[in-house]
Structures are given as structure tokens and as C-alpha cells.
Amino acid sequence: EKLQGSTGGFYDPPRSTPTATRSEALLSAYKLAVYSKTNSKTDQILKILDRAIAFELHTQITDKNSRAFGAFGNTLADHTVRIDYVQHNISAMLGYMKILIENGY
């Protein structure tokens, strides 16, 4: 699978949950690369994560009048919400935030 252009998402149209689950996998790959001291891959992984997390944030519902405020929709155009969409996106973002804090960002 390939990251879709500048969107940072996977598939066409890009969807939040596939992006989030791949981000979770990339977070594990990053930790493994650090642990095994193969840091040559960490920068590449972080660049992909930067774009993926940015896309995930674009799928977050920000309409304060929405009952789903703060949740994550399926795509940029489809604001359907499921609990797994929310769980995977939050999990990926928390893991990414932890890496950023560990790296002094």
C-alpha cells in the first residue's frame, strides 16, 4: 500500500482508520528500529507519520455544534463515526505524541 500523495492517507479516497492502523504499526516499527539501533529508518518512519497524523487530524470533526465533536470520521467527505475510528486515531496520536516528547519536540 502506498501513502496517497500529499494527503497523508491510504486508499483512494484516503480513509482515517486505515491510516490510523498503519500509523500504529509504524509506531511499533519506529520503536523496534530504535531498540535494535537501526536508526537509519527512524527518520523515514517519522516523515511518514508526520503526514499520516496530519491527515488523521483533518478527519476529526471540529463542528462544535455536532454531537460527534472531537470524533473522527471515515473520510474527509464522509463523517460517519464508529468507535474503532476514534480508538485507532487516538491511539496513533498518543503514540506519536510520546515519540515527539521523547525526542524533545
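Residues numbered from 1 in each chain as written. Predicted model: local features only at pLDDT ≥ 70, side-chain atom pairs only at ≥ 80, totals over all residues. Heavy atoms only, no water.

*Asks:* I keep staring at the packing of helix H1 (residues 16-35) against helix H2 (residues 42-58) and nothing clicks. Help me out?
*Replies:* Packed helix pairs are specified by the crossing angle of their axes together with the interaxial distance, meaning the distance between the axes. Axis separation between H1 and H2 bottoms out at 10 Å; the angle between their running directions is 155°. On the basis of their axis angle, the class for H1 and H2 is roughly antiparallel. In this structure, H1 crosses over H2, and the sense of that crossing is left-handed. In contact with Ser16, Thr19, Ala20, Ser23, Leu26, Leu27, Ala29, Tyr30, Ala33 and Val34 of H1, H2 contributes Thr42, Ile45, Leu46, Ile48, Leu49, Ala52, Ile53, Phe55 and Glu56. In the contact of H1 with H2, the residues fall into 14 nonpolar, four polar and one charged. (Axes fitted to C-alpha atoms, helices over the stretch in contact; angles between N-to-C directions. Helix = DSSP H or I, 4+ residues; strand = E, 2+ residues; numbered from the N terminus. Parallel < 35°, antiparallel > 145°, perpendicular 65-115°, else oblique. Left-handed = near helix turned anticlockwise from the far one by under 90°. Contact = heavy atoms within 4.5 Å. Nonpolar A, V, L, I, M, F, W, Y, C, P; charged D, E, K, R; others polar.)

*Asks:* Would you mind showing me how to read the pattern of salt bridges here?
*Replies:* Overall, the coordinates contain one salt bridge when judged by the stated rule. Taking the shortest distance from any N to any O, the salt bridge between Asp84 and Arg82 comes out at 2.6 Å. By relative accessible area, which is 45% here, Arg82 ends up partly exposed. (Salt bridge = Lys/Arg side-chain N within 4 Å of Asp/Glu carboxyl O. Buried < 20%, exposed > 50% of the residue type's maximum accessible area, 1.4 Å probe, protein only.)

*Asks:* What exactly am I supposed to notice about the nonpolar core here?
*Replies:* When a protein is soluble and globular, its nonpolar side chains tend to lie buried together. Formed by Leu26, Leu27, Tyr30, Ile45, Leu46, Leu49, Ile53, Phe72, Ala92, Met93, Tyr96 and Ile99, the largest nonpolar core amounts to 12 residues. Elements supplying a minimum of two residues to this core: H1, H2 and helix H3 (83-102). Apart from the residues within four sequence positions on either side, Ile99 is in contact with Leu27, Tyr30 and Leu46. (Core = buried A, V, L, I, M, F, W, Y, C linked by side-chain atoms within 4.5 Å.)

*Asks:* Explanation requested: H1 in the structure shown.
*Replies:* Residues spaced three or four apart along an α-helix point in a common direction, a consequence of the helix completing one turn every 3.6 residues. The end-to-end C-alpha distance of H1, which contains 20 residues, comes to 28 Å, matching closely the 28 Å that a straight helix rising 1.5 Å per residue would cover. When we look at burial in H1, the residues that qualify are Ser16, Thr17, Pro18, Thr19, Ala20, Ser23, Glu24, Leu26, Leu27, Tyr30 and Ala33. Residues of H1 that are buried make contact with H2 and H3. (Expected span 1.5 Å × (residues − 1).)

*Asks:* What exactly am I supposed to notice about the side chain of Thr17 here?
*Replies:* Structurally, the position occupied by Thr17 is in helix H1. Looking at Thr17, the relative accessible area reads 11%, which means it is buried.

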